[in-house]
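The lines below spell out each chain.
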Amino acid sequence: MSSLRLVPDAFDDPKQWWVGQVLYQAYPRSFMDSNGDGVGDLRGVMARLDHLAWLGIRALWLSPITVSPNADFGYDVADYYDVDPSLGTLADLDALVAAARDRDIGIVMDLVPNHTSIEHPWFGASRSSRDNPKRDWYVWADPAPDGGPPNNWVSVFGGPAWTFDEPTGQYYLHNFLDDQPDLNWWSEEVRLQFDRILRYWFDAGVSGFRIDVAHMVIKDRELRDNPAATDTDSFMERMRGQRQEFNSLRPEVHEVHRRWREIADSYDPPKLLLGETFVEHLDDLFPFFGDGGDELHLDFNIPFAHSPFEAASLADMISRTEAAMPARGTPVWVGSNHDISRFPTRWADGDPDRARCALMMLLTLRGTTVLYEGDEIGMVDTDVPRDELVDPVGIRFYPYAGRDPVRTPMQWENVDGGGFTSDGVTPWLRFGDLACNVADQRDDPDSFVTLTRDLIALRTSTPDLATGAWSAIPAPDGVLAYRRGGYQVVINLGDTPVNVPGLDGRVVIGTRRARERDLAPGSLTVGAGEGVVIAPS
Ligand code: NOJ
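Here the structure is a predicted model, which means the values were calculated and not measured. (Residues numbered from 1 in each chain as written. Predicted model: local features only at pLDDT ≥ 70, side-chain atom pairs only at ≥ 80, totals over all residues. Heavy atoms only, no water.)

**Overview of the overall build of the protein chain**
Regarding its fold elements, the protein chain presents 16 helices and 19 strands. For 537 residues, the compact-globule formula gives about 24 Å, and the C-alpha radius of gyration of the protein chain, at 23 Å, lands near that figure. Overall size of the protein chain, expressed as C-alpha extent along the three principal axes, is 75 × 50 × 50 Å. Look at the contacts in the protein chain between residues 6 or more apart in sequence, and 67% of them connect residues 24 or more apart. For the protein chain, the accessible area works out to roughly 19,700 Å², and carbon and sulfur atoms hold 50% of it. Positive and negative side-chain charges in the protein chain, numbering 49 and 84 respectively, have mean positions lying 4 Å apart. (Helix = DSSP H or I, 4+ residues; strand = E, 2+ residues; numbered from the N terminus. Rg over C-alpha atoms; globule rule 2.2 N^0.38 Å. Contact = heavy atoms within 4.5 Å. Areas by Shrake-Rupley, 256 points an atom, 1.4 Å probe, with all protein chains shown as cover. Lys, Arg positive; Asp, Glu negative; His and termini not counted. Charge placed at Lys NZ, Arg CZ, Asp CG, Glu CD.)

Written out as structure tokens, the structure reads:
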């Protein structure tokens, strides 16, 4: 069978070095602790680079490492130009960038442009008086006639998005915690500050940025009320009671993204911009790639991650994403991150077979895949008791446990300290089940981590799987099947074995390793909770 390419082969294009590749997210506090204080750090990340190189990762995205009082664990920045002392120093970061480069791994940092920490000196100046030159760096507004908040916006983290500041008699906007005041992106001075921040880190050798709440940075200039949610709106919209029409997804945000893109593309090779475009509806995602691909290079597909793990729903998400893409750029596939339940729990409900199917899907779709630390070993969410919760969202919304269950330390070894911290040290968040760990899986040919590594190796060494066109293969109910160039991927998410017609070739990798080398002479029977990749014969 010949390999069919409908999209340009960007695989070897240094200008799009992320295309077809696998990126990895580390949550630095939880990845590796080098100094025995129970909190992960940059020297720890460096000590584990060989694991990432062994997996075949092309870039490492670090959740925020800049100075923060940690009201939201780094997503409240008090200094954009320095490393938080609990994580290390600028010299540690330099060393990490160099050591990663030696392994052909780029370091991608996290940029938080929507808001700062309440402790950032910019906010200190802004709140000091109504006529401070930095007053309009943040969003301030007079009270409503009844003295209440200026409009009806609610915070993503619950409650009103406004807090009254007694001394100056105005409210400031915060779409997240009240410790996270929103910057005013209508201000040219704010834009210039972030141009500087981008260049500062790019010049320091950082390969790109993941951009926090990229879709939200600019708000309606007139601060109009959001419309009430209706029965047909998403779960989150109905929970909030409103559609975020005026405090998110504003058309003017694209101008800001194009400005960042020009800066990123002025480097050779270009620096990567990866948007955290946490939209509720899939169609809202595509504009962030820009017309003709002139905005963010990559945008997280969160509606896909939130899809039920059912063949029909996944196929719908994938085909709609693919249909919107070619002219714009490359899709981004993600199953877990530091905010959402891990895919072996959320999609697979702890069933290892289904988790392996999810992994195969993530690593065989066209585009860029981002794995979250622990995905490679099939780590599941960890129950964190109420009195140990540290995430402000979990504390506020208990019994919904928030995000601590997905932020517990990386499970390196089944020993005291988990290979994450020193023997006898209590980590900042409890460990999950250490029986699931890197060391025990590494030399086991049937393990989750071996499957991860083999799928990545196959993807990055096979042009059809790296960049070959995606198209759906008609398949029986419950089966997700697609072509990548001349390869075929068949994943049976149903409860019974299914004979899938229209296949041809030889199994090169299976979620059950025993299937490898099986022939598919016209059709193949695929077990319940089983996936295979078939190479053309
Ligand atoms: C999205 C980040 O991923 C999340 O962890 C954070 O709490 C919010 N943005 C606010 O910065």
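**Quick notes on the confidence of the model for the protein chain**
For the protein chain, per-residue confidence averages 95 on the pLDDT scale, and 98% of positions sit at 70 or higher. Here residues 1-10 is a poorly scored stretch, pLDDT under 50, and it has 25 contacts once near neighbours within four places are set aside; other chains count. (pLDDT = per-residue confidence, 0-100.)

**Points about the domain arrangement of the protein chain**
You can read the domains of the protein chain as domain 1 (22-114 + 188-459), domain 2 (121-173) and domain 3 (469-535). Approximately 1,900 Å² of surface area, both sides summed, lies buried where domain 1 meets domain 3, with 71% of it carried by carbon and sulfur atoms. Of all residues in domain 1, Ala 311, Cys 357 and Met 360 give up the largest surface area on contact with domain 3, accounting jointly for 27% of the area buried on that side. Counting across the domain 1 and domain 3 interface gives 2 salt bridges. Residue Asp 353 is joined to Arg 512 by a salt bridge in which the shortest nitrogen-to-oxygen separation is 3.6 Å. On the surface where domain 1 and domain 3 come into contact, there are 6 residue pairs in polar contact (both at pLDDT 80 or more). Contributing elements (two or more residues each) for the side of domain 1 that touches domain 3: α10 (311-324), α12 (352-364) and α15 (448-461). For the side of domain 1 that touches domain 3, the leading source of residues is α12, giving 7 residues. Partitioned by chemical class, the residues of the side of domain 1 that touches domain 3 number 13 nonpolar, 3 polar and 8 charged. (Domains from an automatic or database assignment. Buried area = accessible area lost by both parts, 1.4 Å probe. Salt bridge = Lys/Arg side-chain N within 4 Å of Asp/Glu carboxyl O. Polar contact = N/O pair within 3.5 Å; in protein donor to acceptor, adjacent residues only side chain to side chain. Nonpolar A, V, L, I, M, F, W, Y, C, P; charged D, E, K, R; others polar.)

**What to know about the pattern of salt bridges**
This model, assessed by the stated rule, comprises 31 salt bridges. A salt bridge links Asp 220 to Arg 224; the shortest N-O distance between them is 3.0 Å. The partner of Glu 516 in a salt bridge is Arg 513, with the nearest N and O atoms 2.6 Å apart. As far as the burial class goes, Glu 516 and Arg 513 line up, both buried. Residues participating in the shared-partner salt-bridge network are Asp 72, Asp 339, Asp 391, Arg 403 and Arg 407. (Buried < 20%, exposed > 50% of the residue type's maximum accessible area, 1.4 Å probe, protein only.)

**Here we look at the sheet that holds strand β6 (residues 140-141)**
Across a sheet, strands are paired by hydrogen bonds formed along the backbone, either parallel or antiparallel in direction. Taken in spatial order, the 3 strands line up as β6-β8-β7 in an open sheet, and their pairing is antiparallel. Sheet topology places β6 and β7 (162-165) at the edges, where each strand pairs with a single neighbour. With 4 bridges connecting them, β7 and strand β8 (residues 170-173) associate as antiparallel partners. Of the residues in β8, the one forming a bridge with Thr 163 is Tyr 172. (Pairing = 2+ DSSP bridges.)

**Details of the side chain of Thr 382**
On the secondary structure map, Thr 382 appears in the loop between β13 (368-372) and α13 (392-397). Take Thr 382: its relative accessible area is 9%, and that puts it in the buried class. The residues touching Thr 382, leaving out its near neighbours within four places in the chain, are Pro 405, Thr 408, Arg 430, Phe 431 and Gly 432.

**Points about unusual backbone geometry**
Omega for the peptide link from Asp 268 to Pro 269 comes to -5 degrees, which places this bond in the cis form. Along the polypeptide, Pro 269 turns up in the loop between α8 (253-265) and β10 (272-275). Although it is not a glycine, Asn 70 adopts a positive phi angle of roughly 65 degrees. In this structure, Asn 70 sits in the loop between β3 (66-67) and β4 (79-83). For Asn 70, a relative accessible area of 22% gives the class partly exposed.

**Topic: the sheet that holds β13**
The parallel open sheet is built from 8 strands, whose spatial order is β11-β10-β9-β5-β2-β1-β13-β12. The outermost strands of the open sheet, each flanked by one partner alone, are β11 (298-299) and β12 (332-334). Pairing between strand β5 (residues 106-111) and strand β9 (residues 208-211): 4 bridges, direction parallel. Directly across from Leu 111, in β9, lies its bridge partner Ile 211.

**Observations concerning the side chain of His 115**
In this fold, His 115 is placed in the loop between β5 and α5 (121-128). For His 115, the side chain forms a polar contact with the main-chain oxygen of Tyr 75, separated by 3.1 Å. If sequence neighbours within four positions are ignored, His 115 has contacts with Tyr 75, Tyr 80, Phe 176, Gln 180, Pro 181, Asp 182, Leu 183, Asp 212 and Val 213.

**A closer look at the layout of surface pockets**
The computed volume of the largest pocket comes to approximately 1,200 Å³. Forming the boundary of the largest pocket are 42 residues, of which Met 236, Phe 278, His 306, Asp 339 and Tyr 400 lie nearest the centre. Sorting the residues of the lining of the largest pocket by element identifies α7 (235-240) and α13 as the ones contributing at least two each. Per element, the largest residue contribution to the lining of the largest pocket is 4 residues, and it comes from α7. Residue classes in the lining of the largest pocket are distributed as 19 nonpolar, 12 polar and 11 charged. Shared between two domains, the lining of the largest pocket holds at least three residues of each, these being domain 1 (22-114 + 188-459) and domain 2 (121-173). (1 Å grid on protein atoms, 1.4 Å probe; cavity = no way out; pocket = protein on both sides within 12 Å on 5 of 7 lines; lining within 4 Å. Points joined across faces, edges and corners; volume = space filled by probe spheres on them.)

**What about the site of the ligand?**
In the vicinity of the ligand, the residues found are Asp 72, Tyr 75, His 115, Phe 157, Phe 176, Arg 210, Asp 212, Glu 276, His 338, Asp 339, Arg 403 and Arg 407. At 2.5 Å from an oxygen atom of the ligand is found a side-chain nitrogen or oxygen belonging to Asp 72. Given that more than half its atoms are within 2 Å of the pocket grid, the ligand belongs to the largest pocket. Tallied by class, residues from the shell around the ligand come to 3 nonpolar, 2 polar and 7 charged. (Near = heavy atom within 4 Å. Sits in = over half its atoms within 2 Å of the grid points.)

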